[in-house]
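# Inside the fold
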Amino acid sequence: MSDSPFLEIVELADGDVILQSADDHQGEPLVRIRFAPEIVEHLRGASFDIAREMIDKAIQDNRLWGEEDEEGPTEHSVIH
């Protein structure tokens, strides 16, 4: 990962959405979101927006950077 403080969210040609350093387009993405083909048509073109919200929420909750809640790590969370 580069030392750049800037990140960007990019939708790839295959439909995957990635989070990467703004100046490091050759390395592995920090996050990759891939929706199952059978759900993509139900999302009606909103897959990028949904992926962006998922990444934003993870950043706000500090989950991408390995910081834990005061209560300690939790098992998998499911949001319905």
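Everything that follows concerns the structure shown earlier in this document.
Note that this is a predicted model, so its numbers are computed, not measured. Each chain carries its own residue numbering, running from 1 in the written order of its sequence. Where local features are concerned, this predicted model is filtered to residues with pLDDT of at least 70; where side-chain atom pairs are given and counted, the filter is 80 or more; whole-chain, interface and lining totals use all residues. Hydrogens and water are ignored here; the side-chain numbers use all heavy atoms of the structure.

## A few points about the sheet that holds strand β1 (residues 7–11)
Two strands are said to pair when DSSP picks up at least two bridges between them. Counting from the N terminus, the helices are DSSP H or I runs at least four residues long and the strands are E runs at least two residues long. If you walk across this open sheet you meet the three strands as β1-β2-β3, and the pairing is antiparallel. Lying at the two open borders of the sheet, with one neighbouring strand each, are β1 and β3 (31–33). The average angle at which neighbouring strand axes cross in this sheet is 20°, direction not considered. Alignment of strand β2 (residues 17–21) against β3, held across three bridges, turns out to be antiparallel. The residue of β3 that forms the bridge with L19 is V31. Any two residues whose heavy atoms approach within 4.5 Å at even a single point are treated as in contact. For helices, the fitted axis covers only the stretch in contact; all axes are lines through C-alpha atoms, and the angles between them, taken along N-to-C directions, range from 0 to 180 degrees. In the packing of helix α2 (residues 47–60) onto the sheet, the strands contacted are β1, β2 and β3, and the crossing angle to β1 comes to about 150°.

## Observations concerning the pattern of salt bridges
Pairs may arise between side chains of opposite charge once their charged atoms sit close together. When a carboxyl oxygen of Asp or Glu lies within 4 Å of a side-chain nitrogen of Lys or Arg, that pair is called a salt bridge. This structure, assessed with the given rule, holds five salt bridges. Between R52 and D49 there is a salt bridge, and its shortest N-O distance comes to 3.2 Å. Taken as a pair, R52 and D49 lie in helix α2 at a separation of three residues, close to a single helical turn. Note that E53 and R52 form a salt bridge whose closest N and O atoms lie 3.8 Å from each other. Residue classification places R52 among the partly exposed positions, given a relative accessible area of 30%. A single salt-bridge network, built from bridges that share partners, covers D16, R32 and R34. For the exposure calls, accessible area comes from a 1.4 Å probe over protein chains only, and a residue counts as buried if that area is under 20% of its type's maximum, exposed if over 50%, partly exposed in between.

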